2 protein chains.
Amino acid sequence: MLNTNDLKMVADRLHCVDALMSDVVFADKVLKGGNVVNVITREIYEADIAIAGEFILMVGDCSKLIGDKTEVIDVKGKYLTPGFIDSHMHFESAMLTATEFSRLSLPTGTTCLISDPHEVGNVLGKDAIKAMAEECATLPHHVYLRVPALTPDCPGLETAGRNLDSKDIPEMFEYPTVTGIGEIQGVTGIKFVYDNKYDVVKDTIAASTYAESLGKKVDGNAAEIFGEELASHIICGGTEISCHETTTKEECVEKLRYGVYVLMREGSTQSNMPECIKAITEEGLDSRRALLATDDMLAEDIIKKGHMNDIVRRTIKEGVDPVEAIQMVTINASTWHNLHLIGVLAPGKYADINIIDGKLEDMNVADVYLKGEHIASNGELLMDLQPYTYPESVKHSVLRDKISADDLKIASDEKEVMANCIGLIVLQNLSEDYRVKLPVEDGFVKSNEEDLLPVAVIGRHGQKDIGKSFIKGFNIKDGAFAETVSHDTHNLIVIGTNYEDMAAAANRVIEMQGGVAVAKGGKVIEELPLRICGLMTDEMKGQELVDKTIELHEIVKTELGCDIPAPFMHLAFLSLATSPKWKITDKGVVDVKNYKVLPSIEPVK
Amino acid sequence: MLNTNDLKMVADRLHCVDALMSDVVFADKVLKGGNVVNVITREIYEADIAIAGEFILMVGDCSKLIGDKTEVIDVKGKYLTPGFIDSHMHFESAMLTATEFSRLSLPTGTTCLISDPHEVGNVLGKDAIKAMAEECATLPHHVYLRVPALTPDCPGLETAGRNLDSKDIPEMFEYPTVTGIGEIQGVTGIKFVYDNKYDVVKDTIAASTYAESLGKKVDGNAAEIFGEELASHIICGGTEISCHETTTKEECVEKLRYGVYVLMREGSTQSNMPECIKAITEEGLDSRRALLATDDMLAEDIIKKGHMNDIVRRTIKEGVDPVEAIQMVTINASTWHNLHLIGVLAPGKYADINIIDGKLEDMNVADVYLKGEHIASNGELLMDLQPYTYPESVKHSVLRDKISADDLKIASDEKEVMANCIGLIVLQNLSEDYRVKLPVEDGFVKSNEEDLLPVAVIGRHGQKDIGKSFIKGFNIKDGAFAETVSHDTHNLIVIGTNYEDMAAAANRVIEMQGGVAVAKGGKVIEELPLRICGLMTDEMKGQELVDKTIELHEIVKTELGCDIPAPFMHLAFLSLATSPKWKITDKGVVDVKNYKVLPSIEPVK
């Protein structure tokens with residue numbers, strides 16, 4: 001009736017009871033006299049924590065549990081908290097494998113990650129998700145995946161490498177570390193989906209009800225919806241859902257009232273916590289269903305600022321009581337995820353303990369214990385993580401022959417056309433629609449406007465399609481850059497001042513089988529290979545990647561003259577067909593709100 | 001991949017989304033303009049609640065969901081709360097079947113019961129538990145069972161009808177409505193058990209780890225234990241346990257700090273909430289793991305005072321904010337039990353709604369909606385509950401031939417003996433030890449002391465054993481009474497002023513196959529048959545049972561002269577071998593703390 005893991009657990013628990021009850025077995029370690037942050041009762045008090053093997057024996061006066069061989073660690077004056085939980089994130093955003101991400105994240109005290117392999121899923125479907133699940137299972141800490149219920153998010157508007165839907169869920173639920181379904185973006189714009197794609201509603205309800213029947217979780221994605229739409233989205237997700245797409249106080253209040261676990265987002269690319277938190281600080285709502293999550297974290301930010309410790313620090317700065325803020329990354333999260341062996345410091349729970357030096361609100365994680373082991377000190381990881389080798393199959397995901405400059409041009413027999421172009425909005429996923437008359441020269445449409453640059457999305461999943469348009473706002477002066485990071489289906493996106501450099505950059509990415517390339521004067525001048533699904537490096541450590549990213553940004557600025565912040569990220573989101581107003585995919589220009597593909601050019605009327 | 005229930009759920013959810021999104025489907029009912037008690041955010045605000053089928057569509061402004069056929073119910077000025085949850089109770093304590101209990105309980109707004117069939121389990125093991133599980137599955141509301149991990153609680157000290165241990169758990173987990181393991185009394189006195197019955201520790205850990213692996217729950221029973229012992233008990237239960245045996249503020253504080261879900265008990269027989277609640281009202285602890293439960297409720301009290309509504313009312317009187325008190329019987333409970341479709345008023349949840357008229361703190365439940373249906377009004381049940389017929393096999397549980405008066409006497413060849421007797425403590429489960437010299441007349445020990453009366457526990461599970469002693473404190477003047485309600489193994493217990501009446505009463509109970517009988521002058525003068533396991537009636541409605549119980553108490557008072565309160569309950573707990581100091585079972589006088597059977601008499605030294 002018990003499997004191997006269960007039997008180990010039985011033996012470990014018996015050992016714990018031996019240590020507590022007998023006169024011959026004692027604690028392995030005792031953290032002595034710290035200020036325990038009790039996230040269950042919302043208290044701080046002085047107590048010891050005794051540990052046997054991977055588990056906490058007791059929190060209180062543990063002097064009776066100290067034997068001759070017990071290691072006693074003096075933590076007087078320091079704060080002890082449970083290990084932190086990031087309730088929603090994507091490894092792909094950091095362009096690092098789960099293992100390399102964890103090397104950076106573990107020393108910050110983040111001992112549990114709930115990750116959504118949505119990006120690799122869009123590229124290689126179950127093959128990539130299975131590989132990532134297997135990687136996660138090799139990690140020593142608590143790393144879990146939520147698998148996508150639908151790829152691509154916008155069937156008909158874009159092409160993914162694999163099409164996943166509810167019929168794939170049972171297989172994916174068998175992969176290790178999978179605890180549920182990831183963000184159900186397919187029903188974010190629920191009213192439109194209900195009116196136009198009723199099957200997606202049915203399919204999502206079937207998938208979430210199936211997940212529920214197995215005790216698995218479903219993450220929502222309820223961006224900017226209220227009332228009946230929010231209620232419908234919640235019901236599509238099986239009624240017990242999270243949402244990490246909340247941006248205003250009013251939205252946060254309504255979602256909490258509706259029972260949603262609000263994962264207040266505070267990552268490298270989006271900062272929604274300061275608005276959301278007002279539901280707690282201004283409206284005084286019960287915060288048990290308020291959680292913190294990063295969604296997208298860049299390696300650089302983890303190295304410079306920290307991970308969940310930094311997010312908690314920022315939350316405290318918004319006026320939240322420190323213990324209440326810590327609840328948002330511990331007990332509130334472990335309750336939502338139904339991970340009852342973590343998130344609290346109590347008998348029998350995993351001994352995941354952060355030791356905080358200095359003021360609690362500064363959240364300076366000096367030492368980290370994971371499953372009883374001292375794994376990090378002053379930002380340094382003390383344990384070795386086994387590198388995981390991804391299968392070759394996920395390293396050949398760019399199914400495309402090289403292209404020519406002409407392939408990227410828009411042909412026309414007219415002299416002048418009305419072009420459906422896009423306007424960039426800096427520091428947002430949203431974009432503008434921009435219709436403009438453009439001349440045709442030598443059979444191709446040509447921009448004659450300052451800073452209106454050609455952009456193309458080259459199908460790389462075996463399809464021949466290339467979506468083409470022009471984009472205003474990138475402010476590039478020379479050259480081009482291309483990347484296979486291109487949300488959410490991650491085709492090959494390229495932008496530039498001229499088609500030759502665009503082709504050179506794109507072809508280098510094709511050659512590398514994924515990554516980023518910058519070209520100028522017909523030559524590639526900088527590159528970053530991302531061989532795993534064209535999204536993540538399997539070669540670099542976090543710091544190397546950060547260094548390379550800084551170089552890339554520097555080159556784009558100095559050599560290409562592009563001075564907008566995070567140009568690669570802005571390009572990557574230009575293809576995100578779930579966020580308005582106009583975007584570009586391999587199918588062409590997309591009118592997001594009306595869920596349709598527009599022609600790149602139309603006759604001038 | 002989806003079973004029939006799941007498929008119905010999918011259809012129901014799709015219907016809900018239709019009602020929310022389409023222009024042709026509407027809400028079935030709208031409760032208009034009530035004061036919604038939001039137990040998630042801890043707020044009260046005016047809102048409508050729209051219902052479709054069994055589920056809540058939305059809580060807010062529901063005017064758009066009202067169609068031509070929608071029933072609109074004006075609830076302005078009234079409070080709307082989720083249905084209440086009794087987190088730990090035994091149907092057997094009310095001597096009623098689950099169905100009859102529910103007839104009384106549902107109109108009070110208690111729409112979810114977590115019941116522990118520990119008593120019928122001790123009598124007929126899996127046969128009786130399975131029958132009760134099947135009965136619960138016929139009920140329209142949310143009724144779940146936690147099955148015993150061990151019967152009898154004290155092997156060697158008492159004899160149960162069936163011996164259950166961890167090897168029986170997998171079969172019982174297959175029964176309908178079973179959500180976990182009931183109170184693990186086997187490891188309450190954990191230090192003694194660890195030192196003397198290590199196998200019980202191992203067995204409990206195996207059972208709880210198995211339950212955990214299936215996502216099932218384990219109820220603790222951590223009466224009066226602290227520190228290392230409490231930690232050991234928690235670990236034996238798989239670390240995520242409840243406890244309904246907490247009696248002091250200090251105990252409650254420590255258990256909450258240790259992660260235990262404290263079910264503050266407030267039933268007919270024990271009132272622990274006023275002490276426990278001080279952990280919240282005086283110490284200000286986060287109350288998310290503070291719950292309310294009754295453990296044992298008499299039918300009479302439900303009729304007179306109410307069920308969970310009354311317990312909440314009393315909790316508010318102790319100084320708790322009304323919404324916080326309601327959280328203790330709603331969201332706190334549904335979170336612990338992992339019943340995420342109940343306990344909150346939010347989209348997609350079951351429409352279990354109590355309408356409270358008057359002041360919130362008076363908890364006057366005027367109307368009850370269960371799964372969208374109006375099932376009770378002003379204390380009256382409006383729906384019909386199908387009666388459940390228990391199998392004949394559970395109605396023949398008294399396996400004993402009639403006895404003679406001499407069978408109950410203590411024989412001796414001495415002239416005088418030292419008798420190990422018991423001292424009753426009125427209104428407690430605890431008892432005193434009482435050693436006294438007694439004379440022997442005609443070969444039998446005889447009491448020569450005022451109010452020192454013979455008592456016997458007659459084996460009724462096929463064994464021949466009869467435990468015999470004397471008890472001080474019942475203050476009976478004449479006659480005898482006997483009952484098969486006799487915790488926890490429910491043998492036949494009898495007390496009286498003379499052995500002839502004791503035999504008459506006991507024999508009548510044997511003849512009836514369980515129940516209660518009162519005898520005087522050699523004749524039975526009153527009786528109550530309890531044919532299901534000798535514990536519950538399958539013939540009477542709640543009110544009939546109450547009337548009969550009142551008669552029984554009256555007769556014992558007037559005819560037998562016994563003026564202590566609740567004499568039948570006191571007799572029933574005299575055999576509870578888990579609560580100190582000395583008790584009596586079919587094996588004889590039990591020294592609870594030293595876990596041993598004492599001889600009824602010893603030579604005078």
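Up top is the structure.
Just so it is clear, the model here is predicted, and its values are computed rather than measured.

A. Just the overall build of chain A, in detail. The secondary structure content of chain A amounts to 18 helices and 30 strands. Taken against the 2.2 N^0.38 rule, which gives 25 Å for 605 residues, the C-alpha radius of gyration of chain A at 25 Å falls within 12% of a compact globule. Dimensions of chain A, computed from the C-alpha atoms along their principal axes, are close to 95 × 50 × 50 Å. Expressed as a percentage of the 605 residues in chain A, the buried residues total 66%. Sequence separation of at least 24 residues holds for 68% of the intrachain contacts in chain A that already meet a minimum separation of 6. Of the roughly 20100 Å² of accessible surface on chain A, 48% is carried by carbon and sulfur atoms. A gap of 2 Å separates the mean positions of the 61 positive and 96 negative side-chain charges of chain A.

B. Layout of the relation of the copies chain A and chain B. Its rotation angle being 180 degrees, the transformation that places chain A on chain B also includes 0.0 Å of axial translation and leaves an RMSD of 0.1 Å. The operation mapping one copy onto its partner corresponds to a two-fold rotation axis. If distances are taken from each C-alpha of chain A to the rotation axis, the shortest is found for A:Gly215, at 3.8 Å. When you check the interface residues of chain A against chain B, 99% turn up at the interface there too, and the contact is symmetric in its surfaces.

C. Representation of helix 8 (residues 249-257) of chain B. All names here are of chain B. Buried residues of helix 8: Lys249, Glu251, Cys252, Val253, Lys255 and Leu256, and no others. Packing partners of the buried residues in helix 8 comprise helix 7 (227-236), strand 11 (241-243), strand 12 (261-265), helix 9 (273-276), helix 10 (278-281) and strand 13 (290-293). Just downstream of helix 8, Gly259 is the residue with a positive phi angle, here 95 degrees.

D. Structural view of the environment of A:Gly215. All names here are of chain A. Checked against the element boundaries, Gly215 lands in the loop between helix 7 (198-213) and strand 10 (217-219). Of the residues examined, Gly215 reaches a relative accessible area of 51% and is grouped as exposed. Residues Gly215 and Ala333, 118 residues apart in the sequence, show an inter-C-alpha distance of 16 Å.

E. Inspection of the interface of chain A and chain B at higher detail. Each side of the interface is counted separately: chain A has 72 residues, and chain B has 71 residues. The tally of links from chain A across to chain B stands at eight salt bridges. In this structure, B:Glu212 engages A:Arg13 in a salt bridge whose closest nitrogen and oxygen atoms are separated by 2.7 Å. Here chain A and chain B share 26 residue pairs in polar contact (both at pLDDT 80 or more) between them. Going through the elements one at a time, helix 1 (4-21), strand 2 (43-52), strand 3 (55-60), helix 6 (190-196), helix 7, helix 8 (227-236), helix 9 (249-257) and helix 15 (331-337) of chain A are the ones with two or more residues in the side of chain A that touches chain B. A per-element tally of the side of chain A that touches chain B places helix 1 of chain A first, with ten residues. Of the residues assigned to the side of chain A that touches chain B, the class counts are 37 nonpolar, 17 polar and 18 charged.

F. View of helix 7 of chain B. Taken across its ten residues, helix 7 of chain B has nine buried, putting it largely inside the fold. Where helix 7 of chain B is concerned, the buried positions are B:Gly227, B:Glu228, B:Leu230, B:Ala231, B:Ser232, B:His233, B:Ile234, B:Ile235 and B:Cys236.

G. Main features of the sheet that holds strand 29 (residues 596-598) of chain B. Residue and element names in this part refer to chain B. Strand order across the open sheet formed by three strands is 27-28-29, with antiparallel pairing between neighbours. The open sheet has two free edges, formed respectively by strand 27 (582-585) and strand 29, since each of these has just one partner strand. Ignoring strand direction, the axes of neighbouring strands in this sheet form an average angle of 40 degrees. Examined bridge by bridge, strand 28 (residues 588-591) and strand 29 share three bridges and lie antiparallel to one another.

H. Representation of the sheet that holds strand 27 (residues 582-585) of chain A in the model. All names here are of chain A. Strand order in the open sheet formed by three strands is 27-28-29, with antiparallel pairing between adjacent strands. Two strands lie at the open edges of the sheet, namely strand 27 and strand 29 (596-598), each paired on one side alone. Each adjacent strand pair in this sheet contributes to an overall mean axis angle of 40 degrees, direction not counted.

I. Main features of the packing of helix 8 of chain A against helix 1 (residues 4-21) of chain B. Two elements in contact, helix 8 of chain A and helix 1 of chain B, have axes whose closest approach is 9 Å; the angle formed by their N-to-C orientations is 170 degrees. With respect to their mutual orientation, helix 8 of chain A and helix 1 of chain B come out roughly antiparallel. Note on element contacts: helix 1 of chain B touches helix 8 of chain A through B:Arg13, B:Cys16, B:Val17, B:Leu20 and B:Met21, opposite A:Glu228, A:Glu229, A:Ala231, A:Ser232, A:Ile235 and A:Cys236. Classifying every residue of the contact of helix 8 of chain A with helix 1 of chain B gives seven nonpolar, one polar and three charged.

J. Local environment of the environment of B:Leu298. Residue and element names in this part refer to chain B. Tracing the chain through its elements places Leu298 in the loop between strand 13 and helix 11 (299-305). Given a relative accessible area of 37%, Leu298 falls into the partly exposed group. Residues Leu298 and Cys533, spaced 235 residues apart in sequence, show a C-alpha to C-alpha distance of 18 Å. Contacts of Leu298, omitting those with residues within four sequence positions, involve Ser93 and Ser268.

K. The packing of helix 1 of chain A against helix 6 (residues 198-213) of chain B, seen in detail. Contact geometry of helix 1 of chain A with helix 6 of chain B gives a least axis separation of 9 Å together with a crossing angle of 135 degrees. Here helix 1 of chain A lies oblique to helix 6 of chain B, going by the angle between them. Regarding helix 1 of chain A and helix 6 of chain B, the two cross each other, and that crossing is right-handed. Judged by residue contacts, A:Asp6, A:Met9, A:Val10, A:Arg13, A:Leu14, A:Val17 and A:Asp18 of helix 1 of chain A engage B:Tyr198, B:Val201, B:Lys202, B:Ile205, B:Ala206, B:Thr209, B:Glu212 and B:Ser213 from helix 6 of chain B. Per-class residue counts for the contact of helix 1 of chain A with helix 6 of chain B are eight nonpolar, two polar and five charged.

L. Structural view of the nonpolar core. Residues A:Leu57, B:Phe91, B:Phe474, B:Phe481 and B:Leu574 are the most contacted members of the largest nonpolar core, which totals 171 residues. Of the residues forming this core, the biggest block, nine residues, is contributed by helix 3 (residues 118-138) of chain B. Setting aside residues up to four positions removed in sequence, B:Phe474 forms contacts with B:Leu424, B:Asp451, B:Leu453, B:Phe481, B:Ile495, B:Cys562, B:Ile564, B:Pro567, B:His570, B:Leu571 and B:Leu574. Core analysis: the second largest hydrophobic core is formed by 170 residues, A:Phe173, A:Ala299, A:Leu385 and A:Val455 among them.

M. Just the pattern of salt bridges, in detail. A full pass over the atoms with the stated rule returns 92 salt bridges over all chains. Between B:Glu251 and B:Lys255 there is a salt bridge, and its shortest N-O distance comes to 3.0 Å. Taken together, the residues B:Glu251 and B:Lys255, both in helix 8 and four residues apart, mark about one turn of the helix. Judged by its relative accessible area of 2%, B:Glu251 is buried. Exposure remark for B:Lys255: the relative accessible area of 0% places this residue in the buried category. Three or more residues are tied together by salt bridges with common partners; here these are A:Glu392, A:Lys395, A:Arg531, A:Asp538 and A:Glu539.

N. Highlighting the side chain of B:His570. Following the sequence through the fold, B:His570 ends up in helix 17 (residues 567-573). Contact partners of B:His570, with chain neighbours within four places excluded, come to B:Leu424, B:Ile425, B:Val426, B:Leu427, B:Gln428, B:Phe474, B:Ile564 and B:Pro565.

O. Quick peek at unusual backbone geometry. Put simply, B:Thr151 and B:Pro152 share a cis peptide bond, and its omega is -15 degrees. Inspection of the secondary structure puts B:Pro152 in the loop between strand 8 (142-147) and helix 4 (169-173). Residues B:Pro580 and B:Lys581 are joined by a peptide bond in cis, for which omega reads 5 degrees. Positionally, B:Lys581 belongs in the loop between helix 17 and strand 27. Even without being glycine, A:Cys533 reaches a positive phi, approximately 60 degrees. Locating A:Cys533 in the fold gives a position in the loop between strand 26 (523-529) and helix 17 (542-558). Within the chain, A:Ala566 stands out as a residue other than glycine whose phi angle is a positive 45 degrees. Tracing the backbone shows A:Ala566 in the loop between helix 17 and helix 18 (567-573).

P. Summary view of the pairing of strand 18 (residues 416-424) of chain B. All names here are of chain B. When you tally the buried positions in strand 18, you get eight out of nine residues, the bulk of the element. Sheet analysis places strand 18 next to strand 19 (residues 431-441), joined by nine bridges and oriented antiparallel. Counterpart to Asn420 in the pairing with strand 19 is Arg435. Hairpin remark: strand 18 followed by strand 19, antiparallel, with six residues in the connecting loop; positive phi at Leu427, about 70 degrees. Here strand 18 runs beside strand 30 (residues 601-603); their pairing, made up of three bridges, is antiparallel. In the sheet register, Ala419 faces strand 30, and the bridge partner there is Ile601. Across two bridges, strand 18 lies against strand 22 (residues 466-472) in parallel orientation. By the bridge assignment for strand 22, Gly423 is matched with Lys472.

Conventions used here
By convention here, each chain's residues receive numbers from 1 onward along its written sequence. By the order in which they are written, chains take letters starting at A while ligands take numbers starting at 1. Side-chain atom pairs in this predicted model are given and counted only at pLDDT of 80 or more, local residue features only at pLDDT of at least 70, and totals for whole chains, interfaces and linings cover all residues. Side-chain descriptors were evaluated using all non-hydrogen atoms of the structure, hydrogens and water having been removed beforehand. Helix and strand assignments come from DSSP, with helices taken as H or I runs of at least 4 residues and strands as E runs of at least 2, each series counted from the N terminus. Our radius of gyration looks at C-alpha atoms and nothing else; its globule reference is 2.2 Å times the residue count to the power 0.38. Exposed residues in this analysis have more than 50% of their type's maximum accessible area, buried residues have under 20%, and partly exposed residues fall in between, with area computed by a 1.4 Å probe over protein chains only. Contact definition: two residues touch when any of their heavy atoms are within 4.5 Å. Every accessible area reported is derived by Shrake-Rupley at a probe size of 1.4 Å, with residue values counting cover from the shown protein chains alone. Positive charges come from Lys and Arg alone, negative charges from Asp and Glu alone, with His and the N- and C-terminal ends not counted. We put the charge of a Lys on NZ, of an Arg on CZ, of an Asp on CG and of a Glu on CD. Least-squares superposition aligns the copies on the C-alpha atoms of those residues with pLDDT at or above 70 in both. Salt-bridge detection follows one rule: a side-chain nitrogen of Lys or Arg within 4 Å of a carboxyl oxygen of Asp or Glu. Each polar contact in these results corresponds to two N or O atoms within 3.5 Å; when the atoms are within protein, one needs to be able to donate a hydrogen and the other to accept it, and residues that are neighboring in sequence are counted only if both atoms are side-chain atoms. Charged residues are taken to be Asp, Glu, Lys and Arg, nonpolar residues to be Ala, Val, Leu, Ile, Met, Phe, Trp, Tyr, Cys and Pro, and polar residues to be all remaining types, Gly included. Should DSSP find at least two bridges between two strands, the strands are regarded as paired. Each axis is a line fitted through C-alpha atoms, and for a helix only the stretch in contact is used; angles between axes span 0 to 180 degrees, taken between their N-to-C directions. Convention used here: angles under 35 degrees read as roughly parallel, angles over 145 as roughly antiparallel, angles from 65 to 115 as roughly perpendicular, and any remaining angle as oblique. By convention, the crossing between two helices is left-handed when the near helix turns anticlockwise from the far helix through less than a right angle, and right-handed when the turn is clockwise. As used in this record, nonpolar core signifies buried Ala, Val, Leu, Ile, Met, Phe, Trp, Tyr and Cys residues forming a set joined through side-chain atoms within 4.5 Å.

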